[in-house]
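This is what each chain is made of:
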Amino acid sequence: MSIPSPFHLREIARHLDDGGLIAYPTEAVFGLGCAPLDPFAVMRLLALKQREVGKGLILIADTPEMLQPFAAVTAEEWDRIAADWPAARTVIVPAADGVPPWLTGGRKEIALRVPAHETARAISRAFGGPIVSTSANVSGRPAARDALTARRLFARAAVQIIPGSVDRRARPSQIIHWPTGRTIRS
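Read on for an overview of the structure. What you are looking at is a predicted structure, and each value in this text was computed from that prediction instead of being measured. (Residues numbered from 1 in each chain as written. Predicted model: local features only at pLDDT ≥ 70, side-chain atom pairs only at ≥ 80, totals over all residues. Heavy atoms only, no water.)

### What to know about the side chain of H117
By the secondary structure assignment, H117 is in the loop between β5 (109–113) and α6 (118–127). Side-chain polar atoms of H117 contact the backbone nitrogen of T119, separated by 3.2 Å. (Helix = DSSP H or I, 4+ residues; strand = E, 2+ residues; numbered from the N terminus. Polar contact = N/O pair within 3.5 Å; in protein donor to acceptor, adjacent residues only side chain to side chain.)

### Some words on the pairing of strand β1 (residues 21–25)
For β1, the tally of buried residues reaches 5 of 5 residues, placing the bulk of the element in the interior. Residue alternation in β1 divides its side chains into two sets, L21, A23 and P25 and I22 and Y24, and both sets are buried. Two elements, β1 and strand β7 (residues 159–161), share 3 bridges in a ladder whose sense is parallel. From the neighbouring strand, I22 faces β7, where its bridge partner is Q160. Pairing of β1 with strand β2 (residues 30–33), which is carried by 4 bridges, proceeds in the antiparallel orientation. Looking across to β2, one finds that A23 is bridged to L32. Remark: 4 residues form the turn of the hairpin made by β1 and β2, two consecutive strands paired antiparallel. (Buried < 20%, exposed > 50% of the residue type's maximum accessible area, 1.4 Å probe, protein only. Pairing = 2+ DSSP bridges.)

### A closer look at the packing of helix α1 (residues 6–17) against α6
Interhelical geometry of α1 versus α6 gives an angle of 65° and a closest axis separation of 8 Å. Considering their axes alone, α1 and α6 lie roughly perpendicular with respect to each other. In terms of crossing hand, the pair formed by α1 and α6 is right-handed. Between α1 and α6, the contacting residues are L9, I12, A13, L16 and D17 on the first element and A122, I123, A126 and F127 on the second. In terms of residue class, the contact of α1 with α6 is built from 8 nonpolar, no polar and 1 charged. (Axes fitted to C-alpha atoms, helices over the stretch in contact; angles between N-to-C directions. Parallel < 35°, antiparallel > 145°, perpendicular 65-115°, else oblique. Left-handed = near helix turned anticlockwise from the far one by under 90°. Contact = heavy atoms within 4.5 Å. Nonpolar A, V, L, I, M, F, W, Y, C, P; charged D, E, K, R; others polar.)

### Description of the environment of R89
Relative to the elements of secondary structure, R89 occurs in strand β4 (residues 89–94). When its relative accessible area of 17% is taken as the criterion, R89 is described as buried. Sequence separation of R89 and P172 is 83 residues, and the distance between their C-alpha atoms is 8.9 Å. Not counting residues within four places of it along the chain, the set of residues in contact with R89 comprises D84, L112, R113, S173, Q174 and I176. For R89, the side chain forms a polar contact with the side chain of D84, separated by 2.4 Å.

### Description of unusual backbone geometry
That bond from W85 to P86 is cis: its omega, -5°, falls within 30 degrees of zero. Along the chain, the position of P86 falls in the loop between α4 (75–82) and β4. Phi angles above zero are rare outside glycine, and Q50 is one such case at about 60°. Inspection of the secondary structure puts Q50 in the loop between α2 (39–49) and β3 (58–60). Although it is not a glycine, A158 adopts a positive phi angle of roughly 55°. Checked against the element boundaries, A158 lands in the loop between α7 (147–154) and β7. For A158, a relative accessible area of 55% corresponds to the exposed category.

### Examining the nonpolar core
Judged by nonpolar contacts, the single largest core of 41 residues is most densely connected at W78, W85, L103 and L112. Among the elements that line this core, the one with the most residues is α2, at 4 residues. Core analysis: the next-biggest nonpolar cluster, separate from the first, contains 18 residues, A13, I92, A111 and I131 among them. (Core = buried A, V, L, I, M, F, W, Y, C linked by side-chain atoms within 4.5 Å.)

### What to know about the environment of H8
Positionally, H8 belongs in helix α1. Setting aside residues no more than four positions away along its own chain, H8 makes contact with Q160 and P163.

Below, the structure is given as structure tokens:
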């Protein structure tokens, strides 16, 4: 698996800084992402997906430290959560005060992951923080599993398509609800 060049990563980060949307490979499907604290970018992403804001979004990052400010858990709990990353494992945790409702869906929880996919982590590293990660599709339809499909889905929407591949055998990330220990998606 090859990651984008340093030059390309800087261009992707600039695009995100400017409010742009990207489609990029993750463990099992292409993700659709943007800067999480840019409400206009997030609303464009949700409109493009035809997804309700009330569903909330996942944030991914290169390191657990980038995600920690979004979580309201003790240091000990955070160490246990982060011990399994990087992995195709999303953890829902109590959201820190001030986390925008467009990320939480208006709930008091947020979904976080340090992906096992190097391209996704490299994009976050170049951006300097977390990015939104939701499947690259229109809600209710199959997610793109390659760059060509992502391009077909979003060509008219000015989404920057990041080349790369997903693990075709993989399933979307496991989702764990940290407060209860319940597996929401295995």
